Amino acid sequence: MDQLTFKFPFAKKYFEQDFFVSSNNFSAFKLIESWPTWPGKWLNIFGSSGSGKTRLAKILEKKIDKIKLVDAKNVNDEIIQELNNLDCLIIDNFNNNIEEKLLYSILNQSKQLENYVLINSISPLKNINLNLDDLKSRINSFLYIGIELPTDNLLKVIISKTLSDKQISINPKITDFIINNVERSYEKMFKFLKEVDELSLSTGKSININLIKKVLNQ
């Protein structure tokens, strides 16, 4: 199926269950919130590492009683039998790391039982090179929702919340400096903030431009 999009209707951004909703992730959030009235039973949310896919999966998990959330690396044959007692299966961190015949069997059983299936991945499932034709056919039945790279506003929230969780506040000018000098990536930003915090703790110095520059030059 084609990728779904929803118009972001809010002038301001807002939090939902500790998930910051912005224009870059609204389509994914909207569909999760609209369960069970999805246009189809199977959904693939894709986006870079740290973009909030797992957080969305946990929001969905709270909405459904008979649901299982499992990391792709832990998927095994037992899942097929478990589907009989589930309304929804969530597979997180999929990176073509499930044996193709097993994934096909899971999807085939899900289709027969009319289960909902959410698979989170970095790349869209339809772009993954598969050998099993039957599996390719099943993959084509998914709805696709992408989470885009973070906006400046979202990065400001990520920086503020990550540091405030550690009881750290910084000057807005430092926030702008970070945004302008760190790669626009969820993963890179979280890694950078972790390194800043660690250097601040190890040196006993507050977070300022000089400390930020030192981490950037590492």
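Along every chain, residues carry numbers that run from 1 in the direction the sequence is written. Predicted model: local features are reported for residues with pLDDT of at least 70 only, side-chain atom pairs are reported and counted for 80 or more only, and whole-chain, interface and lining totals are derived from all residues. Water and hydrogen atoms were dropped before computing side-chain values, which therefore reflect all heavy atoms in the structure.

Section: the overall build of the protein
- Scanning the protein from N- to C-terminus turns up nine helices and seven strands.
- Projected onto the principal axes, the alpha-carbon positions of the protein cover approximately 60 × 35 × 30 Å.
- Burial statistics for the protein: of 218 residues in total, 45% are counted as buried.
- Taking the contacts inside the protein whose residues are at least 6 apart along the sequence as the reference set, 66% of them involve residues at least 24 apart.
- The method behind every accessible area is Shrake-Rupley, applied with a 1.4 Å probe, and residues are considered shielded solely by the protein chains displayed. Entry remark: accessible area of the protein is about 11,700 Å², with carbon and sulfur atoms responsible for 45%.
- Asp and Glu count as negative and Lys and Arg as positive, but His and the ends of the chain are not part of the count. Where a charge lies is defined by one atom per residue type: Lys uses NZ, Arg uses CZ, Asp uses CG and Glu uses CD. Charge-centre separation for the protein: the mean point of 29 positive side chains lies 7 Å from the mean point of 26 negative side chains. Secondary structure is summarised from DSSP: a helix means a run of H or I of at least four residues, a strand means a run of E of at least two, and numbering begins at the N terminus for each. Whether a residue is buried, partly exposed or exposed follows from its accessible area with a 1.4 Å probe, protein chains only, as a fraction of its type maximum: under 20%, in between, or over 50%, in that order. Only heavy atoms enter the contact rule, under which two residues are in contact if any of them lie within 4.5 Å.

Here's the deal with helix 2 (residues 53-63)
- Of the residues making up helix 2, those classed as buried are K53, L56, A57, I59 and L60. Mapping the buried residues of helix 2 onto a view down its axis gives an arc of 155°, with all of them on the same face. Directions drawn from the helix axis to the C-beta atoms are what define this arc.

Side note on the packing of helix 8 (residues 186-203) against helix 9 (residues 209-216)
- The geometry of helix 8 relative to helix 9 is characterised by a closest axis approach of 10 Å and an angle of 120° between their N-to-C directions. The orientation of helix 8 relative to helix 9 falls into the category oblique. Viewed along their axes, helix 8 and helix 9 form a crossing whose handedness is right-handed. Facing F192, E195, V196, L199, S200 and T203 of helix 8, the residues of helix 9 in contact are L211, I212, K214, V215 and L216.
- All residues other than Ala, Val, Leu, Ile, Met, Phe, Trp, Tyr, Cys, Pro, Asp, Glu, Lys and Arg, Gly among them, are scored as polar; the first ten of these are nonpolar and the last four charged. Of the residues contributing to the contact of helix 8 with helix 9, the split by class is seven nonpolar, two polar and two charged. Axis lines are fitted through C-alpha atoms, for helices just across the contact stretch, and the angle between N-to-C directions can take any value from 0 to 180 degrees. For classification purposes, an angle smaller than 35 degrees is called roughly parallel, one larger than 145 roughly antiparallel, one from 65 to 115 roughly perpendicular, and anything else oblique. By convention the crossing between two helices is left-handed if the near helix lies anticlockwise of the far one by an angle smaller than a right angle, and right-handed if it lies clockwise.

Describing the pairing of strand 7 (residues 143-146)
- Burial of the side chains of strand 7 extends over both faces: L143 and I145 are buried on one face and Y144 and G146 on the other.
- As defined by bridge partners, strand 3 (residues 42-46) adjoins strand 7 across four bridges and the pair is classed as parallel. Opposite L43, over in strand 7, you have L143 as the bridge partner. Should DSSP find at least two bridges between two strands, the strands are regarded as paired.

Re the sheet that holds strand 3
- Strand order in the open sheet made by the five strands is 4-5-6-3-7, with parallel pairing throughout. Each edge of the open sheet carries a strand with a single partner, namely strand 4 (67-71) and strand 7. Pairs of neighbouring strands in the sheet enclose a mean axial angle of 15°, with direction left out of account.
- Pairing analysis gives five bridges linking strand 5 (residues 88-94) to strand 6 (residues 116-121), with the strands arranged parallel. Counterpart to F94 in the pairing with strand 6 is S121.
- Lying over the sheet, helix 2 contacts strand 3, strand 4, strand 5 and strand 6, oriented at roughly 160° with respect to strand 6.

Notes on the packing of helix 6 (residues 152-164) against helix 7 (residues 172-181)
- Running from N to C, helix 6 and helix 7 cross one another at 120°; their axes reach a closest spacing of 10 Å. Our classification of the angle between helix 6 and helix 7 gives oblique. Between helix 6 and helix 7 lies a crossing whose hand is right-handed. Of helix 7, the residues touching helix 6 (which contributes D152, L155, K156 and I159) are T175, D176, I178 and I179.
- Of the residues assigned to the contact of helix 6 with helix 7, the class counts are four nonpolar, one polar and three charged.

Things to note about the pattern of salt bridges
- A pairing counts as a salt bridge when a side-chain nitrogen of Lys or Arg comes within 4 Å of a carboxyl oxygen of Asp or Glu. Counting across every chain of the model gives nine salt bridges.
- Between D197 and K166 there is a salt bridge; the shortest N-O distance is 3.6 Å. Of this pair, D197 sits in helix 8 while K166 sits in the loop between helix 6 and helix 7, placing them 31 residues apart in sequence.
- Relative accessible area serves as the criterion here: at 41%, K166 is assigned to the partly exposed category.

Topic: the layout of surface pockets
- Its boundaries defined by the atoms lining it, the largest pocket holds a volume of some 540 Å³.
- Grid spacing is 1 Å over the protein atoms alone, the probe is 1.4 Å, and a cavity is where that probe fits but cannot get out, while a pocket is an open set with protein on both sides within 12 Å along at least five of seven lines and lining residues have an atom within 4 Å of a point. Together, 26 residues line the largest pocket, and G50, S51, G52, R55 and F190 are the ones closest to its centre.
- Sorting the residues of the lining of the largest pocket by element identifies strand 2 (19-21), helix 2, strand 5, strand 6, helix 6 and helix 8 as the ones contributing at least two each.
- Tallying contributions element by element places helix 6 first for the lining of the largest pocket, with five residues.
- Grouping the constituent residues of the lining of the largest pocket by class yields ten nonpolar, eleven polar and five charged. Grid points are joined across faces, edges and corners, and a volume is the space filled by probe spheres set on the points.

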